[in-house]
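# Survey of secondary and tertiary structure
So you can see what is in the structure, the chains are spelled out below.
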Amino acid sequence: MNDFLNCVQMIQLPFALIPIITFTSSPKIMHDFKSSKAFQIFALVTSAIILTINVYFIIDYVSISLGSEWYVYMALVVPTTAYILFVGYLTVYSIPETISIRGFNFIRDYENDAPWINRGSMDNEGYESSSHHISHSAE
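Here the structure is a predicted model, which means the values were calculated and not measured. (Residues numbered from 1 in each chain as written. Predicted model: local features only at pLDDT ≥ 70, side-chain atom pairs only at ≥ 80, totals over all residues. Heavy atoms only, no water.)

### Considerations on helix α3 (residues 37-66)
- For α3, which comprises 30 residues, the first-to-last C-alpha distance of 43 Å matches the rise-based estimate of 44 Å (1.5 Å per residue) to within 8%.
- Positioned one or two residues after α3, G67 has a phi angle of 100°, which is positive. (Helix = DSSP H or I, 4+ residues; strand = E, 2+ residues; numbered from the N terminus. Expected span 1.5 Å × (residues − 1).)

### Here we look at unusual backbone geometry
- For H31, which is not glycine, the phi dihedral falls at a positive 50°.
- Locating H31 in the fold gives a position in the loop between α2 (27-30) and α3.

### A short note on the UniProt feature "transmembrane region" (unreviewed entry) in the protein chain
- The positions UniProt marks with the feature "transmembrane region" (unreviewed entry) are residues 38-59 and 71-92.
- Structurally, residues 38-59 comprises 100% helix and 0% strand, and the distance from its first C-alpha atom to its last is 32 Å. (UniProt positions renumbered as here; feature names shortened; annotations may be inferred.)

### With respect to the side chain of S35
- With respect to the helices, strands and loops of the structure, S35 is situated in the loop between α2 and α3.
- Sequence-distant contacts of S35, that is, excluding residues within four places in its chain, are made with T24, S25 and Q40. (Contact = heavy atoms within 4.5 Å.)

### A closer look at helix α1 (residues 2-25)
- Taking 1.5 Å per residue, 24 residues should reach 34 Å; α1 reaches 34 Å between its end C-alpha atoms and fits that length.
- Taking the largest bend as the criterion, α1 deviates by roughly 35°, centred on Q12, and proline P14 comes between one and four positions later.
- Among the residues of α1, C7, M10, P14, I18, P19, I21, T22 and S25 are the ones counted as buried. (Bend = angle between axes of the 7 residues up to and from the residue. Buried < 20%, exposed > 50% of the residue type's maximum accessible area, 1.4 Å probe, protein only.)

### Details of the nonpolar core
- Judged by nonpolar contacts, C7, M10, I58, V62 and V72 together constitute the single largest core of five residues.
- With residues near it in sequence (within four places) discarded, M10 still touches N54, F57, I58 and Y83. (Core = buried A, V, L, I, M, F, W, Y, C linked by side-chain atoms within 4.5 Å.)

### Side note on the packing of aromatic side chains
- The full count for this structure, using the stated rule, is six aromatic pairs.
- Aromatic side chains W70 and Y71 sit 6.0 Å apart centroid to centroid with 85° between the ring planes, which places their arrangement in the edge-to-face category.
- Between F86 and Y89 the ring centres are 6.0 Å apart and the planes differ by 25°, which places this aromatic pair in the stacked class. Pair noted here: F86 and Y89 are both in helix α4 (residues 70-98), with a separation of three residues, about one helical turn.
- A relative accessible area of 43% means that F86 is categorised as partly exposed.
- Through pairs of rings, three or more aromatic residues link up here, namely F15, Y83, F86 and Y89. (Phe/Tyr/Trp six-rings, centres within 6.5 Å; stacked < 30°, edge-to-face > 60°.)

### Let's talk about the environment of Y61
- Tracing the sequence through the fold places Y61 in helix α3.
- A residue is classified by how much of its surface remains accessible, and Y61, at 24% relative accessible area, is partly exposed.
- On a C-alpha basis, the gap between Y61 and F4 in space is 8.1 Å, while along the polypeptide they are 57 residues apart.
- Setting aside residues no more than four positions away along its own chain, Y61 makes contact with D3, F4 and C7.

### Things to note about the confidence of the model for the protein chain
- In this model, the protein chain carries a mean pLDDT of 76, and residues with pLDDT of at least 70 account for 68%.
- Confidence, expressed as mean pLDDT per element, reaches its minimum in the protein chain at α2 with 80 and its maximum at α3 with 88.
- Note that pLDDT drops below 50 for residues 130-139; the model gives that stretch twelve contacts with residues more than four away or on any other chain. (pLDDT = per-residue confidence, 0-100.)

Take a look at the structure:
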């Protein structure tokens with residue numbers, strides 16, 4: 001039972017790890033507390049290594065538990081493909097937010113539904129959002 005629970009946790013890990021790296025790298029969310037580029041690269045490389053090891057252990061667990069016959073792998077093709085596509089989707093939308101890739105422009109317009117951003121008295125100094133810009137005049 002412990003191996004099965006570990007396998008389930010390994011499958012769920014990317015859905016927590018990738019958004020956390022994205023959120024902590026975003027100046028829109030973290031403002032002055034966003035992580036540095038060096039930490040972002042370290043986190044992405046470490047995550048890639050951990051996720052690769054997890055894929056190996058999942059394959060090992062499935063082949064030990066269910067066998068390594070062709071019909072076992074054929075039964076797992078559809079869910080595995082859906083899982084890989086969804087993790088890929090998460091990664092494609094997270095990586096541009098985390099690091100800037102030269103020549104890759106992935107600007108998305110977000111609708112602002114936060115009521116405090118449109119109020120002038122509640123703005124953070126030095127923070128600029130896409131819908132409300134703070135202008136500082138040199139005096």
